[in-house]
Amino acid sequence: MNSVLVTGGAGYIGSHACKALRNAGYVPVTYDNLVTGWQEAVKFGPFEHGDLSDRARLDAVFKRYEPVAVMHFAALSQVGESMADPGRYWRNNVGGSLTLIEAAAAAGCLDIVFSSTCATYGDQDNIVLDEESPQYPINAYGASKRAVENILTDFETAHGLRHVIFRYFNVAGADPMGEVGEFHQPETHLVPLMLDAIDGKRDELTIFGTDYDTPDGTCIRDYVHVCDLVDAHVLGLKWLLDGRGSRVFNLGTGTGFSVRDVLAHAREITNLEVPHRDGPRRPGDCTKLVSGSTRAQAELGWSPHRSTLRDMITDAWRWHQTGHYSR
Ligand code: UFG
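Residues numbered from 1 in each chain as written. Predicted model: local features only at pLDDT ≥ 70, side-chain atom pairs only at ≥ 80, totals over all residues.

Attention now goes to the sheet that holds strand E2 (residues 27-32). Ordered by their spatial adjacency, 7 strands build an open sheet running E3-E2-E1-E4-E5-E6-E11, and the pairing between neighbours is parallel. Either end of the sheet is taken by a strand with one partner, and the two such strands are strand E3 (47-49) and strand E11 (247-251). Adjacent strand axes in the sheet meet at a mean angle of 20° when their direction is disregarded. Taken together, the 5 bridges between strand E6 (residues 162-168) and E11 define a ladder with parallel strand orientation. Across the sheet, the residue bridging to Tyr 168 is Leu 251, located in E11. Running over the sheet, helix H7 (residues 226-241) touches strand E1 (3-7), strand E4 (69-72), strand E5 (111-117), E6 and E11 and is turned about 160° from E6. (Pairing = 2+ DSSP bridges. Helix = DSSP H or I, 4+ residues; strand = E, 2+ residues; numbered from the N terminus. Axes fitted to C-alpha atoms, helices over the stretch in contact; angles between N-to-C directions. Contact = placed C-beta atoms within 7 Å.)

It is worth spelling out the site of the ligand at this point. Around the ligand sit 20 residues in total, of which Ala 119, His 189, Leu 190, Phe 208 and Cys 219 are the nearest. Put simply, the parts of the chain that give the shell around the ligand at least two residues each are helix H6 (190-198) and strand E8 (205-208). When residues in the shell around the ligand are grouped by element, the largest group, 4 residues, is from E8. Looking at the shell around the ligand residue by residue, the class counts come to 11 nonpolar, 6 polar and 3 charged. (Near = placed C-beta within 6 Å. Nonpolar A, V, L, I, M, F, W, Y, C, P; charged D, E, K, R; others polar.)

To continue, consider the environment of Thr 30. Within the element layout of this structure, Thr 30 appears in strand E2. As for Thr 30 and Phe 47, which are separated by 17 residues in sequence, their C-alpha atoms are 4.8 Å apart. In contact with Thr 30, other than residues within four places in its own chain, are Val 6, Gly 9, Ala 10, Cys 18, Val 42, Gly 45, Phe 47 and Glu 48.

On to the packing of H6 against helix H8 (residues 259-270). Where H6 contacts H8, the two axes come as close as 11 Å, and the packing angle between them is 45°. Classed by the angle they form, the pair H6 and H8 counts as oblique. As for the relative orientation of H6 and H8, their crossing is right-handed in sense. Mapping the contact onto sequence places Leu 190, Met 194 and Ile 198 in H6 and Val 259, Val 262, Leu 263, Ala 266 and Thr 270 in H8. The residue inventory of the contact of H6 with H8, partitioned by class, reads 7 nonpolar, 1 polar and no charged. (Parallel < 35°, antiparallel > 145°, perpendicular 65-115°, else oblique. Left-handed = near helix turned anticlockwise from the far one by under 90°.)

What follows covers the domain arrangement of the protein chain. The parts lose accessible area when they come together, and the size of an interface is often stated as this lost area. Segmenting the protein chain into domains produces domain 1 (3-172 + 223-251) and domain 2 (190-221 + 254-322). At the interface, 30 residues of domain 1 touch 29 residues of domain 2. Looking at the side of domain 1 that touches domain 2, the elements with two or more residues in it are helix H3 (79-84), strand E7 (170-172), strand E10 (223-225), H7 and E11. In terms of residue count, the dominant contributor to the side of domain 1 that touches domain 2 is H7 (7 residues). Of the residues belonging to the side of domain 1 that touches domain 2, the class tally is 16 nonpolar, 9 polar and 5 charged. (Domains from an automatic or database assignment.)

On to the sheet that holds strand E14 (residues 288-289). Strand pairs in the sheet, formed through backbone hydrogen bonds, run parallel or antiparallel to each other. Spatial ordering of the open sheet is given by E12-E9-E14, a layout of 3 strands whose pairing is mixed. Each edge of the open sheet is held by one strand with a lone partner, namely strand E12 (257-258) and E14. As judged from the 2 bridges shared by strand E9 (residues 220-221) and E12, these two strands associate in the antiparallel manner. Across the sheet, Arg 221 pairs through a bridge with Phe 257, a residue of E12.

So, about H7. Across its 16 residues, H7 extends 23 Å between first and last C-alpha, which sits within 8% of the 22 Å expected from 1.5 Å per residue. Most of H7 is tucked away, with 13 of its 16 residues classed as buried. Taken from the residues just after H7, Gly 243 is the one with a positive phi, measuring 75°. (Expected span 1.5 Å × (residues − 1). Buried ≥ 20, exposed ≤ 12 C-beta atoms within 10 Å, placed from the backbone.)

So, about the environment of Gly 9. Tracing the backbone through its elements, the reader meets Gly 9 in the loop between E1 and helix H1 (12-23). For Gly 9 and Lys 43, which are 34 residues apart along the polypeptide, the C-alpha to C-alpha distance reads 9.7 Å. Apart from the residues within four sequence positions on either side, Gly 9 is in contact with Gly 14, Ser 15, Cys 18, Pro 28, Thr 30, Tyr 31, Asp 32 and Val 42.

With that settled, consider helix H5 (residues 140-159). The terminal C-alpha atoms of H5, which comprises 20 residues, lie 28 Å apart, in line with the 28 Å expected from a rise of 1.5 Å per residue. Ala 140, Tyr 141, Gly 142, Ala 143, Ser 144, Lys 145, Arg 146, Val 148, Leu 152 and Phe 155 are the residues of H5 that are buried. Structurally, H5 contributes buried residues whose contacts are with H3, helix H4 (86-107), E5 and E6. Just downstream of H5 lies Gly 160, where phi reads positive at about 70°.

A cis geometry characterises the amide bond from Gln 185 onward to Pro 186, with omega recorded as 5°. On the secondary structure map, Pro 186 appears in the loop between E7 and H6. Of note, the phi angle at Leu 34 is positive, near 60°, even though the residue is not glycine. By the element assignment, Leu 34 lies in the loop between E2 and E3. Given 16 C-beta atoms within 10 Å, Leu 34 falls into the partly exposed group.

Shown next as structure tokens:
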């Protein structure tokens, strides 16, 4: 069976990708330093503990498994933290990715699926974004992901390394079977924080900014179910292995929801109040990030099945009540 090297396979999206890869007949080999990931989340293939900056370790892993491709998820991903500590983001996300990409090219593993972000687009006056929209990231996280996209383009020209880049919108939900789910420490994402507030694990949720230029004054995001997202990755992998060449795809649903919309859905689904208060804006937040996925649907044949707020919050709530990891 063909193996795929999955960096960040112990993290939220990476662990769901490993399950999707295993179900598609691949062996997902997780490479993770466990700084933000969880060894318990590695359930669907072998685990190799290592850091992206460790070239010798990466070389050994490429040699051992001879993967047909790389899925590169491993990264720091908090917008707010990236504004406070940009050096960490540039070193880890850009430096680490460069080491990985060099190791892949040296090993002759020339197909890579890269996890990028809509944060590379920045704040763009309420337009619906597509893959050709200009990229003006307004935070160090988005800038670091944009830089890796550039590295991949240069490595294609120089070394023939082909890439599929996925720019994600806001990922939410969990495996409906409850085998893996979202669990960060510390947690910064809206959906899990909201669920913590609902069941009393934290006092309340703070809404970051209520004076944005949106109908209810709170930020608008395009939420996509993690299972739909990783299905797209398997299609992207097949796209590369079929020799269809490098391509960028946005993964969103085309529908935006405000923070208050998300809270209202959670109240309806759980039948519980969401304790919350209005707070100031969080540095680095864009007003609105929404994208269609016309290209992914037309070219990859991707069709998101579970990306309604109802399904995402229902699956996240189930996981929240039953699943968590410990180190
Ligand atoms: N929010 C709150 N209160 C909180 C947490 C979040 O009001 O306690 C708001 C944020 O201000 C934002 C929305 O909820 O408007 C979503 O915030 P998240 O932190 O869940 O997600 P982000 O939009 O900041 O970031 C996520 C990923 C990034 C990705 C980005 C693109 O974490 O990796 O989506 O939008 F780049």
